[in-house]
Amino acid sequence: MPFREINSKMVEATVVPGQRMFSQRGAMLAYRGDVTFTPNIAGGQGGVMSMIGRRVAGEATPLMTVEGNGTVMFGHGGHHIQVIRLTGDTLHVEADRLLAFDGTLEQGTMFMGSQGGVMGMVRGQVTGQGLFTTTLKGHGSVAVMAHGGVIELPITPGRAVHVDPQAYVAHHGDVRNKLSTALGWRDMVGRGSGEAFQLELSGSGAVYVQASEEKL
C-alpha cells in the first residue's frame, strides 16, 4: 500500500482488510474509516530476535500494528518525510527514523560493526548513532523521517560515497559500509561528526542523506 505524500511533513496511507502496516508510536495524526492501532511487542515480521536487537540498541519503542479499512495520515515531530519504494531489495535505516512501512516487508536487525569492524563499533560510541540498523526487505513502501529534507545519492561501482554518520538516514542496494577517520585518536576526543568521521558506502545502490546533523 503506497504512501501518498500530502506535503513534506505528512503522508497518507490506505489500509485495506487483510493487510497491515506498522508505524512508530505517536506517528498517527488522523484517520478515516474503521482502523485499529495495536502495540506490537514482537517487532513486526522480524519476530523476537528483531525486538532483541532493537532493545540492545536502545530502540525498544514498540511499533504499532495498523489494520482495518480506511485511510491514515502519518507524521511525527514536524520532521521531513521521505517515501522509499522497495522492489525486492533491502533497505537499511536507523530504527528511530522509521515512520511507517508496509506489513509485507520483512524486518530484521543488522549490527553495523559486522561490516565496519572495530570502527563500526566506534561509530556508535562516539557519534551517538546506533550500533544496529533496521533492515526492511521485499516489495513495498517505507516512510522515513529526517531533518531539513533528504537527498538521494547514487552509489555506483568504483565511485564510493562518503557521508557524515550523523547525516546518514538510510541506504539500499548491494552496498558495503566502512567508517573511517581523518583525524588522529587524540583529535577525535569531543568530536562526533564532520571532519572526524566519514561513513564510506561502496558498491551499487543509493544512500539517503539529511540536510541537518541533528538527531531525532
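Owing to the predicted nature of the structure, the values given are computational and were not obtained by experimental measurement.

What counts and how
Residues numbered from 1 in each chain as written. Predicted model: local features only at pLDDT ≥ 70, side-chain atom pairs only at ≥ 80, totals over all residues. Heavy atoms only, no water. Helix = DSSP H or I, 4+ residues; strand = E, 2+ residues; numbered from the N terminus. Contact = heavy atoms within 4.5 Å. Areas by Shrake-Rupley, 256 points an atom, 1.4 Å probe, with all protein chains shown as cover. Phe/Tyr/Trp six-rings, centres within 6.5 Å; stacked < 30°, edge-to-face > 60°. Buried < 20%, exposed > 50% of the residue type's maximum accessible area, 1.4 Å probe, protein only. pLDDT = per-residue confidence, 0-100. Pairing = 2+ DSSP bridges. Salt bridge = Lys/Arg side-chain N within 4 Å of Asp/Glu carboxyl O.

**Observations regarding the overall build of the chain**
Item 1. For the chain, the helix and strand inventory stands at three helices and 13 strands.
Item 2. Across the chain, contacts joining residues at least 24 apart in sequence account for 80% of those joining residues at least 6 apart.
Item 3. Total accessible area on the chain is roughly 9,800 Å²; 53% of this is exposed by carbon and sulfur atoms.

**Concerning the packing of aromatic side chains**
Between two aromatic rings, the relevant description is the distance of the centres plus the angle of the planes.
Item 1. Going through the model one piece at a time under the given rule, you end up with three aromatic pairs.
Item 2. Taking 6.5 Å as the distance between ring centres and 75 degrees as the angle between the ring planes, the aromatic pair formed by phenylalanine 3 and phenylalanine 74 counts as edge-to-face. With a gap of 71 residues between them, phenylalanine 3 in strand β1 (residues 3-7) and phenylalanine 74 in strand β5 (residues 63-74) connect regions that are remote in the sequence.
Item 3. Relative to phenylalanine 101, the ring of phenylalanine 22 has its centre 5.5 Å away and its plane inclined at 35 degrees; by these criteria the two rings are tilted. With phenylalanine 22 in strand β3 (residues 20-24) and phenylalanine 101 in strand β7 (residues 98-102), this residue pair connects regions lying 79 residues apart in the sequence.
Item 4. Given the relative accessible area of 0%, phenylalanine 22 is considered buried.
Item 5. For phenylalanine 101, a relative accessible area of 1% puts it in the buried group.

**Examining the side chain of threonine 135**
Item 1. Here threonine 135 is to be found in strand β9 (residues 132-146).
Item 2. Residues in contact with threonine 135, not counting those within four places in the same chain, are Thr90, Leu91, His92, Glu106, Gln107, Gly108, Thr109 and Met110.

**Observations concerning the confidence of the model for the chain**
Regions with low pLDDT carry predicted coordinates that are not meant to be interpreted in detail.
Item 1. The predicted model of the chain has a mean per-residue pLDDT of 78, with 70% of residues at 70 or higher.
Item 2. Every residue in residues 113-130 scores below 50 in pLDDT, and together they form 46 contacts with partners more than four places removed in sequence or on other chains.

**Here we look at the environment of glycine 70**
Item 1. By the element assignment, glycine 70 lies in strand β5.
Item 2. Distance from glycine 70 to aspartate 34, taken between C-alpha atoms, is 5.9 Å for residues 36 residues apart in sequence.
Item 3. With residues near it in sequence (within four places) discarded, glycine 70 still touches Ala13, Thr14, Val15, Arg32, Gly33 and Val35.

**Some words on the pairing of strand β13 (residues 197-210)**
Item 1. With six bridges joining them, strand β10 (residues 150-155) and β13 adopt antiparallel strand pairing. By the bridge assignment, leucine 153 is partnered in β13 with valine 207.
Item 2. Note that strand β11 (residues 161-163) and β13 share three bridges and pair antiparallel. Each bridged residue has a counterpart across the sheet, and for valine 161 the counterpart in β13 is leucine 201.

**Things to note about the pattern of salt bridges**
Item 1. Going through the model one piece at a time under the given rule, you end up with two salt bridges.
Item 2. Between glutamate 12 and arginine 32 there is a salt bridge, with the nearest N and O atoms lying 2.8 Å from each other. Taken as a pair, glutamate 12 in strand β2 (residues 10-15) and arginine 32 in strand β4 (residues 28-40) lie far apart in primary sequence, 20 residues in all.
Item 3. Through salt bridges with shared partners, a single network forms among Arg4, Glu12 and Arg32.

**Here we look at the environment of alanine 160**
Item 1. By secondary structure assignment, the location of alanine 160 is in the loop between β10 and β11.
Item 2. Residue class for alanine 160 comes out partly exposed when judged on its relative accessible area of 36%.

**Some details on the environment of valine 163**
Item 1. Within the secondary structure layout, valine 163 lies in strand β11.
Item 2. Separated by 46 residues in the primary sequence, valine 163 and valine 209 place their C-alpha atoms 7.6 Å from one another.
Item 3. Apart from the residues lying within four places of it in its own chain, the contact partners of valine 163 are Tyr168, Gln198, Leu199, Leu201, Val207 and Val209.

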